[in-house]
Amino acid sequence: MSKIKKIAVLTSGGDAPGMNSAIRAVVFSAAHLGMEVVGVFRGYDGLIDWETTPIGVEDVRNINNQGGTILFTSRSERFLQQEYRQQAADNLQKHGVDAVVAIGGDGTLRGAIEFRKEGVNIVCIPGTIDRDVACTEYTLGFDTAANTATEAIDKIRDSSVSHGRCSVVEVMGRKRGYIALWAGMATSADAIVLPEKWDGNFDNITDSIAKRHADGRNSYLVVVAEGVIDAPELAERIRQKTGIESRVSVLGYIQRGGQPTAKDRMYGSLMGAYAIEILNQGKENRIVAIKNDLLIDFDIAEALTLQNNTLDSFQYELSLRLSE
Ligand code: F6P
């Protein structure tokens, strides 16, 4: 019989499609083992303020197809301070909660690592469209976001072709270029600008577009990961060098919303169930991860030491070849 009788589940950081499937699987799996579940609203802020509700299977039965997170989320500034983490830990103790399942990205993991120092047992599930948690090959939301970006860029291209323009499309991804790489490759972009690979050389992009123009092409697509370069500046440089009308589209938050793909629902379900499984086995302070398509788990502090992951080099080299 598990020592865990009551758990709290929360979502934190940027919402990601598939988080609801993870919540659902946590609730179902916990109920199956006779554990009580408390849903915490607005991430770590909800732990500090004890903004919670009991959740049972009937509350989550039909949430697989919903985007966002039914528990809401936040990027808690207060949780960066020890006194608030202590307040959150006190709340958990007062309400008899034995463990926390936190679904989120890099910031959520960092918060969890500090939180365990208050004597809390916390298990993380990687949920972020950015796919930037190094210990895992997959983070919930990436597939949906990459598909949303691809669909949007396809539409932008229709207009770009009709007008004979160059479209510069900015996608999300913070410090990681996976959404740009995947959506860029999927839409046959002429150039993809990635944070991991940007060398500051605008000429590589403008020269290759000028060459295509000289060869008789009439429309062009450049996909840029946010935060790497200023997309309007790039568009202006392309215009100056080639004379081609260039337009910028920033895809923004549409990439975070919408119905999760089957992959995000499935991985959310698998990761949620696995989190309860490892808690039931008596494990503490773990993060659920995917490796070679199998579920595994790491110590949360160890997971952070693996934070320097880079883009898959084969995928990157291929993206260059396919945009020649
Ligand atoms: O969720 C990840 C992410 O979408 C990043 O790609 C982006 O930089 C960031 O969140 C934006 O978050 P916020 O909601 O704080 O504007």
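A quick note: this is a predicted structure, and the numbers were derived from the prediction, not measured.

Definitions and limits used
- Residues numbered from 1 in each chain as written.
- Predicted model: local features only at pLDDT ≥ 70, side-chain atom pairs only at ≥ 80, totals over all residues.
- Heavy atoms only, no water.
- Pairing = 2+ DSSP bridges.
- Helix = DSSP H or I, 4+ residues; strand = E, 2+ residues; numbered from the N terminus.
- Axes fitted to C-alpha atoms, helices over the stretch in contact; angles between N-to-C directions.
- Salt bridge = Lys/Arg side-chain N within 4 Å of Asp/Glu carboxyl O.
- Expected span 1.5 Å × (residues − 1).
- Buried < 20%, exposed > 50% of the residue type's maximum accessible area, 1.4 Å probe, protein only.
- Arc of directions from axis to C-beta.
- Contact = heavy atoms within 4.5 Å.
- Near = heavy atom within 4 Å.
- Polar contact = N/O pair within 3.5 Å; in protein donor to acceptor, adjacent residues only side chain to side chain.
- Areas by Shrake-Rupley, 256 points an atom, 1.4 Å probe, with all protein chains shown as cover.
- Phe/Tyr/Trp six-rings, centres within 6.5 Å; stacked < 30°, edge-to-face > 60°.
- Lys NZ or Arg CZ within 6 Å of the ring centre and 35° of its normal.
- 1 Å grid on protein atoms, 1.4 Å probe; cavity = no way out; pocket = protein on both sides within 12 Å on 5 of 7 lines; lining within 4 Å.
- Points joined across faces, edges and corners; volume = space filled by probe spheres on them.
- Nonpolar A, V, L, I, M, F, W, Y, C, P; charged D, E, K, R; others polar.

**A word on the sheet that holds strand 9 (residues 246-250)**
Overall, parallel pairing links the four strands, which are arranged 7-8-6-9 in an open sheet. The outermost strands of the open sheet, each flanked by one partner alone, are strand 7 (191-193) and strand 9. Averaged over all pairs of adjacent strands, the angle between their axes in this sheet comes to 20°, without regard to strand direction. Two elements, strand 6 (residues 166-171) and strand 8 (residues 220-225), share six bridges in a ladder whose sense is parallel. Residue pairing across strands places Ser167 opposite Leu221, the latter belonging to strand 8.

**With respect to unusual backbone geometry**
The backbone of Arg131 shows a phi angle near 50°, a positive value even though the residue is not glycine. Even without a glycine there, the phi angle at Asp293 is positive, about 65°. Looking at the secondary structure, you find Asp293 in the loop between strand 10 (286-291) and strand 11 (294-299).

**Some points on the pattern of salt bridges**
Applying the stated criterion across every chain yields a total of 25 salt bridges. Close ionic contact of Arg78 with Asp45 constitutes a salt bridge, the shortest N to O distance being 3.3 Å. Taken as a pair, Arg78 in the loop between helix 3 (57-60) and helix 4 (82-94) and Asp45 in helix 2 (residues 43-49) lie far apart in primary sequence, 33 residues in all. A salt bridge links Glu58 to Arg61; its shortest N-O distance comes to 2.5 Å. A single network of salt bridges, built from pairs that share partners, joins Arg42, Asp45, Asp49, Glu51 and Arg78.

**Considerations on helix 9 (residues 231-242)**
Over its 12 residues, helix 9 extends 16 Å from the first C-alpha to the last, a length consistent with the 16 Å expected when each residue adds 1.5 Å. Within helix 9, the full set of buried residues consists of Ala231, Leu234, Ala235, Ile238 and Thr242. Each buried residue of helix 9 sits inside an arc of 100° when the element is viewed along its axis, so together they form one side. On its buried face, helix 9 sits against strand 6, helix 8 (202-214), strand 8 and strand 9.

**Remarks on the site of the ligand**
The environment of the ligand is formed by Gly14, Arg75, Ile129, Asp130, Met172, Gly173, Arg174, Glu226, Tyr253 and Arg256. Within the side chain of Arg75, one N or O atom sits 2.8 Å away from an oxygen atom of the ligand. The separation between an oxygen atom of the ligand and a polar side-chain atom of Glu226 is 2.7 Å. Here the ligand, which alone exposes 400 Å², has 78% of that area covered by the protein.

**Here we look at the packing of aromatic side chains**
As enumerated under the stated definition, the model contains eight aromatic pairs in all. A ring pair is formed by Phe41 and Phe72, whose centres lie 5.9 Å apart and whose planes are at 35°; its orientation type is tilted. Taken as a pair, Phe41 in the loop between strand 2 (36-40) and helix 2 and Phe72 in the loop between helix 3 and helix 4 lie far apart in primary sequence, 31 residues in all. Aromatic side chains Tyr138 and Phe142 sit 6.4 Å apart centroid to centroid with 75° between the ring planes, which places their arrangement in the edge-to-face category. Taking the relative accessible area as the measure of exposure, Tyr138 reaches 3% and is therefore buried. The exposure class of Phe142 is buried, given its relative accessible area of 1%. Among the aromatic residues, those joined into a ring-pair cluster are Tyr138, Phe142, Tyr178, Trp182 and Tyr267. Cation over ring: Lys263 sits above Tyr138, and NZ or CZ is 4.4 Å from the ring centre.

**Examining the layout of surface pockets**
Its boundaries defined by the atoms lining it, the largest pocket holds a volume of some 490 Å³. Taken together, 28 residues form the lining of the largest pocket, with Gly13, Arg75, Gly107, Thr108 and Arg174 sitting closest to its centre. Among the elements that make up the lining of the largest pocket, the one with the highest residue count is helix 5 (residues 106-115) (six residues). For the lining of the largest pocket, the residue count by class is six nonpolar, 11 polar and 11 charged. Volume-wise, the second largest pocket comes out at about 420 Å³. When contributions to the lining of the second largest pocket are tallied by element, the ones reaching two or more residues are strand 7, helix 8 and helix 12 (313-322). When residues of the lining of the second largest pocket are assigned to their parent elements, the largest contribution, four residues, is made by helix 8. Among the residues making up the lining of the second largest pocket, the classes are represented as eight nonpolar, five polar and five charged.

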